[in-house]
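Chain residues, written in single-letter form:
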Protein chains: 2
Amino acid sequence: MAEELRVALAGLGTVGSGVIRLIETNRELIAARAGRPIRILAVSARDRIKDRGVDISGFAWEDDMTAMAAREDVDVVVELVGGSDGPALALARGALKAGKNVVTANKAMIAHHGLELAEAAERAGVALKFEAAVAGGVPVIKGLREGAAANRIERIYGILNGTCNYILSTMEDTGRDFADILREAQELGFAETDPTFDIEGVDAAHKLSILAAIAFGTKVDFDAVDTTGISRVRAADIEQAAVLGYVIRLIGMADTVHGPDGICRLFQRVQPCLVHRDHPLASVDGPTNAVVAEGNFSGRLLFQGAGAGDGPTASSVVADLIDIARGDIGKPFSIPAASLEACAPADPGGRTSRAYLRFTVTDRPGVLAEIAAAMRDAGVSIESLIQKGRPEEGGEVLVAMVTHEGPESAVRAALGLLEGSDSLTASPLVMHLIS
Amino acid sequence: MAEELRVALAGLGTVGSGVIRLIETNRELIAARAGRPIRILAVSARDRIKDRGVDISGFAWEDDMTAMAAREDVDVVVELVGGSDGPALALARGALKAGKNVVTANKAMIAHHGLELAEAAERAGVALKFEAAVAGGVPVIKGLREGAAANRIERIYGILNGTCNYILSTMEDTGRDFADILREAQELGFAETDPTFDIEGVDAAHKLSILAAIAFGTKVDFDAVDTTGISRVRAADIEQAAVLGYVIRLIGMADTVHGPDGICRLFQRVQPCLVHRDHPLASVDGPTNAVVAEGNFSGRLLFQGAGAGDGPTASSVVADLIDIARGDIGKPFSIPAASLEACAPADPGGRTSRAYLRFTVTDRPGVLAEIAAAMRDAGVSIESLIQKGRPEEGGEVLVAMVTHEGPESAVRAALGLLEGSDSLTASPLVMHLIS
């Protein structure tokens, strides 16, 4: 058997411990499949003596991660420190500069610095792999980079955040409200103590920007993702969606639009959407992730599985190590980093969609007429209207409607007409429909 | 840009024409992703002048496929001739012997001769790739070989035949009977004129045997797949399943069993099953394929998409070509062919399952008591019993039941006790439950 692949592991949180446990548990089959043994040689973390449930006494301990990355005897550095900048980024930069392959689960770092790191990896002729950064244990980066490589990808979309999906599908199952389920999810460990990144869609946006770069050959552009979280979704919205035959899911979606000027623009949006009950994403419950890629020859491909957790994430980290052991270095974003296009953000106003609009209004006569007039004046055609009779907390009433398919700019204009109206007690919630 | 990858294409049916069209349509992005152009150099088929809707005048024509495979200027031979033996096998053998990479969509050939061909490929140091042989456009071979490579696979199962899935899901939607939908599927081109391989489960068994070899590191053993088709499933079964909260799908399933002797045995079965409505496979409708792989770290992974058709199949063929262009040769079955274990078939009698049993009986008193007694005597515990009141055609009555979880050997024994009973008008139909 060929020489072993020697790994330095930085970060010993749940994923780091999971990687150690996986490599230990599946040692023989990994060696058989990789063509050579994969061995962790050195580890580094903030706290040396913390009990992690795994034995790290067999590995060299390094206090200084950057020094570890530069060790002569290391082939691959696994970065599981986290954070878009700081020590994680310093480590990745240092490792690539030292000519080491890098494997990371760090979506924030790749979303913000993926291009720079890919260029460094290509210069050094080493791998930069991040399967674990998107959709946990689901090999969707590989599915896009390689499995669907023959296709022009027309659209990519999916459920990219397990916490949000857990909250939304539990709201659906129980009829309970957002804050209530969030609290429970935190107690169960499905949501962070500070859940902002998850529930406001930032985590999903990180992942979407990475997928979009691979799918469309564009530079990662996290800042351009139009992001709305799920914190404003109410039990009443889920109830209304159900009546219409839909469920609500937080969907990240990206595609490219060729304008009349012939220039390609990139559309990226994270938003709670109404997904039709017959769509494969509608049956994705709990902390599961699922990604749909639509290729011009493959048609619709779906990749689904656990979106987080130490086992699934470790599975993706070690799959990347096996690829490297097999000699598959590849290009991080499928095509050379220098060829990735800088693509301006597309104006969503030009898109044609059906939308669910929900207003919270004061309970008095004439409010509905005011909303309907704004829709008419902006040219928005209403397919169905639901006025909830019974007032919610604080005496406000919910008015929800679904529009016919039409330009998003018209909906935006209608909402503009209603801006500042003292009939509305909060800004309206817009969710697009996916069939 | 590096040298082009030169391809010889044998077989110009719908898939072959699809490959030509794909390589033409997506030429530039394929070259960007593969790192070099992929060019079809020569083609061969039975009939040179047939109109295929693609222009083949730019390719060298070879009457003799085997001579084409041996051309000096060819890097990869794409075999799309079909058939487990005959010209396809001669071509694959010849190409590998001549040191050419081989890409094929031929599930029958890989199921029957995959081991021999993998050994030849490894000897020659070339690729043997067959992504298109399983689940059409869905990159499930790659998902297993690479994406899930870090895992011990505990079970693999899925919907592997689009024709059967189209028939079953249409029976479900319309309440119509098997023969009726089959006829329609044939008219629509979703089923072959001779549909035996599809509806009797042979095609699914081919695919299952290939997946099992990769998942479990065992020699491909198509002959050991316990195969039952869908031709005996009736509208009434689908109706009963629905009442119980299940849908019926043709499922290929494989896992390994360690007996008390410590020896590993391989379980492989293709069978119509009752799939619980909440299971992701239950919402797979029409000619779609979907495969679930359960890894010991990844948990449940699902790969889903179009199971057939020229576009999706071509997508997988060209993905294999891109892999080869990128220098990914790999081992056809993930580990070296010489390391694949010969694994005896597992006795399904040792498995623990819930089963749906359906009897067609004569409409007279005492029949139910006879069946119930056989169940009791064999130790089969019945969870629910459905006697269909209204007689079917020919005056027979359907009696269906679901057993509690128990050994399959007990069900087999109970059916043995009923064998030859003149109360039964046909042999019983057994379908296992998947939750």
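Just so it is clear, the model here is predicted, and its values are computed rather than measured.

Novice: Account for unusual backbone geometry, with residues named and values stated.
Specialist: Residue and element names in this part refer to chain B. The phi angle at Ala135 is positive, at roughly 60 degrees, despite the residue not being glycine. Within the secondary structure, Ala135 is located in the loop between strand 6 (128-129) and helix 6 (140-147). A positive phi angle is found at Ser334, which is not glycine, with a value near 80 degrees. The class for Ser334 is buried, based on 24 C-beta atoms found within 10 Å.

Novice: Please set out the domain arrangement of chain A residue by residue, giving values where relevant.
Specialist: Domains assigned within chain A are domain 1 (5-133), domain 2 (147-304) and domain 3 (349-434). Contact residues are listed per partner, giving 8 residues for domain 1 of chain A and 9 residues for domain 2 of chain A.

Novice: Run through the interface of chain B and chain A, naming residues and quoting values.
Specialist: In many reports, interface size means the accessible area that the parts give up when they come together. Listed per partner, the contact involves 46 residues of chain B and 46 residues of chain A. Elements with a contribution of two residues or more to the side of chain B that touches chain A: helix 2 (27-34), helix 6, strand 12 (299-306) and helix 12 (310-325) of chain B. Across the side of chain B that touches chain A, the residue classes tally to 21 nonpolar, 17 polar and 8 charged.

Novice: Requested: an account of the relation of the copies chain B and chain A, with residues and values cited.
Specialist: Each copy superposes on the other: chain B lies on chain A with an RMSD of 0.0 Å after a rotation of 180 degrees and an axial shift of 0.0 Å. These values place the two chain copies in the arrangement generated by a two-fold rotation axis. The position closest to the rotation axis in chain B is occupied by the C-alpha of Phe303 of chain B, lying 2.5 Å away. Same-surface contact between copies: 100% of interface residues of chain B are shared with the interface of chain A.

Novice: Can you break down the nonpolar core residue by residue, with the values?
Specialist: Residues Leu211, Val318 and Leu321 of chain A together with Leu211, Val318 and Leu321 of chain B are the most contacted members of the largest nonpolar core, which totals 300 residues. Those residues in contact with Val318 of chain B that sit more than four places away from it in its chain are Ala150 of chain A together with Val19, Leu22, Ile23 and Ile30 of chain B.

Novice: Tell me what's going on with the environment of Ala346 of chain B, and back it up with residues and numbers.
Specialist: Residue and element names in this part refer to chain B. Relative to the helices and strands, Ala346 is located in the loop between helix 12 and strand 13 (352-353). Residue Ala346 is classed as buried on the basis of its C-beta count, with 22 C-beta atoms lying within 10 Å. Not counting residues up to four positions away in its chain, the partners in contact with Ala346 are Val257, Arg265, Leu266 and Phe267.

Novice: Residue-level account of the sheet that holds strand 1 (residues 5-10) of chain A, with values.
Specialist: Residue and element names in this part refer to chain A. In space, the 6 strands of this open sheet follow the order 3-2-1-4-5-6, with parallel pairing throughout. On the outer flanks of this sheet lie strand 3 (60-61) and strand 6 (128-129), each paired with one strand and no other. The pairing of strand 1 with strand 4 (residues 76-79) spans 4 bridges and is classified as parallel. Following the sheet pairing, Ala10 is matched in strand 4 by Glu79.

Novice: Requested: an account of the pairing of strand 11 (residues 288-295) of chain A, with residues and values cited.
Specialist: All names here are of chain A. Of all the 8 residues making up strand 11, 7 are buried; the element is thus mostly covered by neighbouring parts of the structure. Pairing of strand 7 (residues 153-159) with strand 11, which is carried by 6 bridges, proceeds in the antiparallel orientation. Looking at the pairing, Ile156 lines up with Ala293 of strand 11. Here strand 11 runs beside strand 12 (residues 299-306); their pairing, made up of 8 bridges, is antiparallel. By the bridge assignment, Ala293 is partnered in strand 12 with Leu301.

What counts, and where the lines are drawn
- Counting starts from 1 at the beginning of each chain's written sequence and moves along it residue by residue.
- All chains are assigned letters beginning with A, and all ligands numbers beginning with 1, in the order in which they are written.
- The model is predicted, so local features are restricted to residues of pLDDT at least 70 and side-chain atom pairs to those at 80 or more, both for listing and for counting; the totals for chains, interfaces and linings are taken over all residues.
- Elements are defined by DSSP. Helices are runs of H or I of four residues or more, strands are runs of E of two residues or more, and each kind is numbered from the N terminus.
- Counting other C-beta atoms within 10 Å of each residue's C-beta, where C-beta atoms are placed from the backbone, gives the exposure class: buried for 20 or more, exposed for 12 or fewer, partly exposed between.
- The domain limits used here are those given by an automatic or database domain assignment.
- Distance between backbone-placed C-beta atoms decides contact: two residues are in contact if it is within 7 Å.
- Ten residue types, Ala, Val, Leu, Ile, Met, Phe, Trp, Tyr, Cys and Pro, are classed as nonpolar, four, Asp, Glu, Lys and Arg, as charged, and the remainder, Gly among them, as polar.
- Alignment of copies: least-squares fit on C-alpha atoms of residues with pLDDT of at least 70 in both copies.
- The term nonpolar core refers to a group of buried residues, namely Ala, Val, Leu, Ile, Met, Phe, Trp, Tyr and Cys, whose C-beta atoms join them within 7 Å.
- DSSP bridges decide pairing: two strands pair if at least two such bridges lie between them.

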